[in-house]
Amino acid sequence: MKQSLAVLFPGTGYTCGEPLMQKIARQFLEAGYQVVQLDFSAVPFHELAGLEEAAEWVRPLVLEQLKGVEPSACGDIVFVSKSLGTVCAGWLEKEWGVPARQLYLTPLPQTLDCIRETSRVAGMVIGTQDRFMTAEALQAFCTGRGIPCLVAAGTGHNLKYADPAAAEELERKILALCSVPPGAGSRE
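Quick summary incoming for the structure in this document. Note that the coordinates shown come from a computational prediction; the quantities given were computed from them, not determined experimentally.

### A closer look at the side chain of Arg101
- Relative to the helices and strands, Arg101 resides in strand S4 (residues 101-105).
- Here the side chain of Arg101 touches Asp76 through a polar contact of 2.6 Å, side chain to side chain.

### As for the packing of helix H2 (residues 51-65) against helix H3 (residues 84-96)
- Where H2 meets H3, the axes come as close as 10 Å, and the angle between the chain directions of the two elements is 55°. In this view, H2 runs oblique relative to H3, as classed from their interaxial angle. Remark: the crossing between H2 and H3 carries right-handed chirality. In contact with Leu51, Ala54, Ala55, Val58, Arg59, Val62 and Leu63 of H2, H3 contributes Leu84, Val87, Cys88, Trp91, Leu92 and Glu95.
- For the contact of H2 with H3, a count of residues per class yields 11 nonpolar, no polar and 2 charged.

### Some words on the pattern of salt bridges
- One pass over the full model with this rule turns up 8 salt bridges.
- For Arg172, the salt bridge goes to Glu169, with nearest N and O atoms at 2.5 Å. Taken as a pair, Arg172 and Glu169 lie in helix H6 (residues 164-177) at a separation of 3 residues, close to a single helical turn.
- Relative accessible area serves as the criterion here: at 33%, Glu169 is assigned to the partly exposed category.

### Some points on unusual backbone geometry
- One non-glycine residue, Thr106, lies in the positive phi region at around 50°.
- Its place among the elements puts Thr106 in the loop between S4 and helix H4 (109-112).
- Its identity as a non-glycine residue notwithstanding, Leu159 has a phi of 55°, on the positive side.
- Examined against the element boundaries, Leu159 turns out to sit in the loop between strand S6 (149-152) and H6.

### Digging into helix H1 (residues 19-30)
- Given a rise of 1.5 Å per residue, 12 residues ought to cover 16 Å, and the 16 Å separating the end C-alpha atoms of H1 matches this to within 8%.
- Among the residues of H1, those classed as buried are Leu20, Met21, Ile24, Ala25 and Phe28. Viewed along the axis of H1, the buried residues span an arc of 135°, placing them on a single side of the element. Exposed residues pointing more than 90 degrees away from the buried face of H1 are listed as Leu29 and Glu30.
- Residues of H1 that are buried in the fold lie against strand S1 (2-9), strand S2 (34-37), strand S3 (74-82), S4 and H6.

Reading the values: the criteria
Every chain's residues receive numbers from 1 upward, in the order its sequence appears when written. Confidence filtering applies because this is a predicted model: local features only for residues at pLDDT of at least 70, side-chain atom pairs given and counted only at 80 or more, and all residues used for totals across whole chains, interfaces and linings. Values reported for side chains reflect all heavy atoms of the structure, with hydrogen atoms and water molecules removed beforehand. Numbering of helices and strands runs from the N terminus; a helix is a DSSP stretch of H or I covering at least four residues, while a strand is a stretch of E covering at least two. Counted as a polar contact is a pair of N or O atoms within 3.5 Å, where, for protein atoms, one must be capable of donating a hydrogen and the other of accepting one, and residues adjacent in sequence contribute only when both atoms are in side chains. Helix axes use the C-alpha atoms of the stretch in contact, all axes being lines fitted to C-alpha atoms, and the angles between their N-to-C directions lie in the range 0 to 180 degrees. For classification purposes, an angle smaller than 35 degrees is called roughly parallel, one larger than 145 roughly antiparallel, one from 65 to 115 roughly perpendicular, and anything else oblique. Here a crossing is taken to be left-handed if its near helix is turned anticlockwise relative to the far helix by less than a right angle, and right-handed if that turn runs clockwise. The contact criterion used is simple: two residues touch if any of their non-hydrogen atoms lie within 4.5 Å. In this count, Pro and Cys sit with the nonpolar residues alongside Ala, Val, Leu, Ile, Met, Phe, Trp and Tyr, while Asp, Glu, Lys and Arg are called charged and the others, Gly among them, polar. Salt bridges are defined as contacts in which a side-chain nitrogen from Lys or Arg sits within 4 Å of a carboxyl oxygen from Asp or Glu. Each residue gets one of three labels from its accessible area relative to the maximum for its type: buried under 20%, exposed over 50%, partly exposed in between, using a 1.4 Å probe on protein chains only. The span you would expect from a helix comes to 1.5 Å times its residue count less one. Directions drawn from the helix axis to the C-beta atoms are what define this arc.

As structure tokens, this is what we get:
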């Protein structure tokens, strides 16, 4: 019986402890997935020159935190990633050589370079006030590839709303994007 796997990739200031990431983790745990919540807290992001240097720091951490996971022994593999984590999730899919279902929350422009014809992107989410990419640019990218794109009006890169009802509605839509297929948690 193959265990299915969900890996959550944080951003530089958005950890897997955020309520949205915890709800996503719980959704996959309840479906029988092994859930790995990566931790980038050891990375001195404020001292690094930029995205490339940050990614260089994070890649070995990702491999270390996933040591012992054999991707070829997994059933369904899902990567849910935020910001810098989206670049790392795209890199890890290539590194492992196993196509994972990807949910990219606030992808960076560099993330788009990781997406190939064989990529299985469940969706991308961006705020209309994101400081790294416009919602229009991401929508155009997604439309041309048949990728679901969720645009959160009035929010920025952190995907947070002050209004609890708006926050709950956005969470509901994101959770629907990373829904678990029936019976996907464990496969024979």
